[in-house]
Amino acid sequence: MASSNKTLVIRNGTLIDGTGDPAAPNDAVVIEGNRFSGVGQLPPGLNLEDTARVEVIDAAGKWIMPGLIEGHCHLSFGFPAVSSAKYPSGRGTVSPGFSAIRAARNAQTILRSGVTSLSIPGGTWFIEVGLRDAINAGLVEGPRIYTAGRFIVTYGSIGDYEPSWVGTPEHTLGVLANDVSDMITEVRRQTKHGVDFIKLADSTWGDTQTISKEEMAAVVDEAHRRNARIAIHSRGAGSTKAAAEAGVDWIMHADLATEGELYAVAEAGVRIMPTMTFLFEALAVGKERGRSDEELDIIRRNAESAMQVLEMARSLGVKVLCGTDSGNSPVMPYGELHAHEAEVMVKYGGYTPMEAIVANTRENAYAVGMEGELGTIQPGKLADLLILDADPLADIRVLQGGKRLNAVIKDGRRVNLNGAAEESEALLALR
Ligand SMILES: [Zn+2]
């Protein structure tokens, strides 16, 4: 990381500032500390020759935009792939130490792919809470993290994978809470341990509603009282409507919602995060990575419905957040797909590339609790920025995988991109 003591000046290039304003030729973007101090003309009196105090990046012929905000990524689920004889201590999902170190390395990979902020709706133990604090303390390099703990689930919800006589040990994604009292206790436990938001989780594919509206409302009330936001994994129509009426802050997936249900979501002013990248990736590579035909049929159903939901949401004025569900399984590798949702929005949602960029930057700041602070290149905002050698407005796919990145700046500091390729090779086995 470069020193943040120096004033950083980015000259030239084409600026996409994340507000939705048209791309424009850039004279100077100036960063002091971790914030943008000037955008537009080079400030008079700033001596670019003073290399002890000023670092200049020439972006001529390149594109400048805000750092990407990934709204849905998991770092500590752990996969059986890790349980090879070579890594006995990493067997499955049961080693917190291995999982934490692996999460830290993957966070670095994600940052180097252009994602400067990450919303994590659930992990094991409190690994992401610790990682967030370690990143903020400068111990390891990674995106800004906003995280939930383990999903709060009832019997039959996603994350309740063990038989009832086993329960939900710490290494599982879900923590069982089968009544309001248990749910409130878990909200209190998680907020005590420093989560930024609570993740409630309904059934895996949305065929049954596993949490009642009253239970959701009780959790919302307790979480908000403790200054935590609340998001829910909800696909099915019944659950999506209930969640909107219960006052959750955002709904993940919502892909089986009907028009009537989406109307309730619009009425409540709740955001949805369709997370379609995962559905499409599962359909594309799921079979070779262990998904059954039966499951792929269900995923196809949800993907088809999701495309309609995306269109209806747009016509009803429901705000859409962007997340990919990277890290949820071996079909979702780190560092590659984080901007894929922007491509989905352009291809299937009727979004322009500019609208898709705004959705993945300014609008997605909501998913990391920093709306108004982050996601645009404007004076006073947090200085997260990318320089690309290809025009994302001409081809939105250039945002994926970090291959067209010339520079990543997070919190006013330039990220060292050297070695990124080597690293992703080394980490391939640990997805
Ligand atoms: Zn997820």
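Rules of the game
Residues numbered from 1 in each chain as written. Predicted model: local features only at pLDDT ≥ 70, side-chain atom pairs only at ≥ 80, totals over all residues. Heavy atoms only, no water. Domains from an automatic or database assignment. Contact = heavy atoms within 4.5 Å. Buried area = accessible area lost by both parts, 1.4 Å probe. Salt bridge = Lys/Arg side-chain N within 4 Å of Asp/Glu carboxyl O. Helix = DSSP H or I, 4+ residues; strand = E, 2+ residues; numbered from the N terminus. Expected span 1.5 Å × (residues − 1). Buried < 20%, exposed > 50% of the residue type's maximum accessible area, 1.4 Å probe, protein only. Phe/Tyr/Trp six-rings, centres within 6.5 Å; stacked < 30°, edge-to-face > 60°.

Quick look at the domain arrangement of the protein chain now. Domains assigned within the protein chain are domain 1 (7-67 + 376-417) and domain 2 (68-338). Between the C-alpha centres of domain 1 and domain 2 the distance comes to 32 Å. Across the boundary between the two partners, domain 1 contributes 18 residues, which contact 15 residues of domain 2. The contact between domain 1 and domain 2 buries some 1,200 Å² in all, and 54% of this surface belongs to carbon and sulfur atoms. On the domain 1 side of the interface with domain 2, the three residues burying the most area are Gly67, Lys410 and Val415, jointly 36% of the side's total. Here domain 1 is connected to domain 2 by two salt bridges.

Turning our eyes to something else, we now look at the pattern of salt bridges. Applying the stated criterion across every chain yields a total of 29 salt bridges. By sharing partners, the salt bridges in this structure join Arg188, Asp221, Glu222, Arg225 and Arg226 into a single network.

Turning our eyes to something else, we now look at helix 4 (residues 213-225). Given 3.6 residues per helical turn, the α-helix brings residues three or four places apart onto the same face. Between its first and last C-alpha atoms helix 4 spans 18 Å; for 13 residues at 1.5 Å apiece the expected length is 18 Å, and the two agree. Among all positions of helix 4, only Glu215, Met216, Ala218, Val219, Val220, Glu222 and Ala223 are buried. In the stretch just after helix 4, asparagine 227 is the one whose phi turns positive, near 60 degrees.

Counted according to the given criterion, the structure contains six aromatic pairs. Measuring from centroid to centroid gives 6.3 Å for tryptophan 205 and phenylalanine 278, while their planes differ by 10 degrees, and the two rings are stacked. With tryptophan 205 in the loop between strand 13 (197-201) and helix 4 and phenylalanine 278 in helix 7 (residues 276-285), this residue pair connects regions lying 73 residues apart in the sequence. By relative accessible area, tryptophan 205 is classed as buried at 11%. On the basis of relative accessible area, phenylalanine 278 is assigned to the buried category, the value being 3%.

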